[in-house]
Amino acid sequence: MPTLQNVEENEAMKKTITFNLNGESIQFEIEPHLTLLQLLRDKLELTGTKEGCGMGECGTCTVLLDGKMVNSCIFPAMEVDGKSVITIEGLTDAQGNLHPIQKAFIELGAVQCGFCTPGMVLAAKSLLDENPKPTEEEIRHGIAGNLCRCTGYIQIIQAIKAASEQ
Ligand code: FES
Ligand code: FES
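Residues numbered from 1 in each chain as written. Chains lettered and ligands numbered in written order. Predicted model: local features only at pLDDT ≥ 70, side-chain atom pairs only at ≥ 80, totals over all residues. Heavy atoms only, no water.

Asker: Now, about a nonpolar patch on the surface: what can you tell me, with residues and values included?
Answerer: Residues Leu98, Ile106 and Val111 make up a contiguous nonpolar surface patch of about 240 Å² in total accessible area. Its place among the elements puts Leu98 in the loop between strand S5 (84-86) and helix H3 (100-107). The exposure class assigned to Leu98 is partly exposed, which follows from its relative accessible area of 35%. (Patch = residues over 30% accessible without salt bridge, like charges linked within 9 Å, V, L, I, M, F, W, Y side chains within 5 Å. Areas by Shrake-Rupley, 256 points an atom, 1.4 Å probe, with all protein chains shown as cover. Salt bridge = Lys/Arg side-chain N within 4 Å of Asp/Glu carboxyl O. Helix = DSSP H or I, 4+ residues; strand = E, 2+ residues; numbered from the N terminus. Buried < 20%, exposed > 50% of the residue type's maximum accessible area, 1.4 Å probe, protein only.)

Structure follows, in structure tokens:
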């Protein structure tokens, strides 16, 4: 249980960070040791980002930081200061239409329980932004850090391929 001294030390170490979240600049005062996943889910109520292992091994908590994938469960929230973060909530357009990758996942049955899907879609986005026409091997490599217990990956790979062809 935190002591009064711990609480006071944490308060004193709080820092205000400014970053771009899904296209909007936001400021937030955060405690040290907060992870990016805790900031997104617990403080900002963006619960599309999922927590699986909590140890940087399953990829369900994947978000994009300056366009690159990071495991938000082990990424210090303080380090997003001055950067750009995209979560799954940021992929729809202004009218709420799903991103082509999301549509392809639905159309090709790449979503079963859906727990891995936000991280998987963002991994696919990161891949296609860098390499718009990946081979199947490159797709497998691009999503290698994201685990799916349901689909066997075949439909996911097909969906990413289909999105790359649009
Ligand atoms: S929850 Fe972050 S990698 Fe598993
Ligand atoms: S769809 Fe269930 S874990 Fe991937």
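Asker: Could you give an account of the sheet that holds strand S1 (residues 15-21), with specific residues and numbers?
Answerer: Either a parallel or an antiparallel arrangement is found when strands of a sheet pair, and the pairing is made through backbone hydrogen bonds. Taken in spatial order, the five strands line up as S2-S1-S5-S3-S4 in an open sheet, and their pairing is mixed. Pairing within the sheet leaves two strands with one partner each, and these edge strands are strand S2 (24-30) and strand S4 (68-71). Averaged over all adjacent pairs, the angle separating strand axes in this sheet is 40°, with direction ignored. In terms of strand pairing, strand S3 (residues 62-65) meets S4 through four bridges, oriented antiparallel. (Pairing = 2+ DSSP bridges. Axes fitted to C-alpha atoms, helices over the stretch in contact; angles between N-to-C directions.)

Asker: With reference to specific residues and values, describe the side chain of Thr117.
Answerer: With respect to the helices and strands, the residue Thr117 is situated in helix H4 (residues 117-130). With residues up to four places along the chain from it excluded, the contact list for Thr117 reads Phe105 and Val111. (Contact = heavy atoms within 4.5 Å.)

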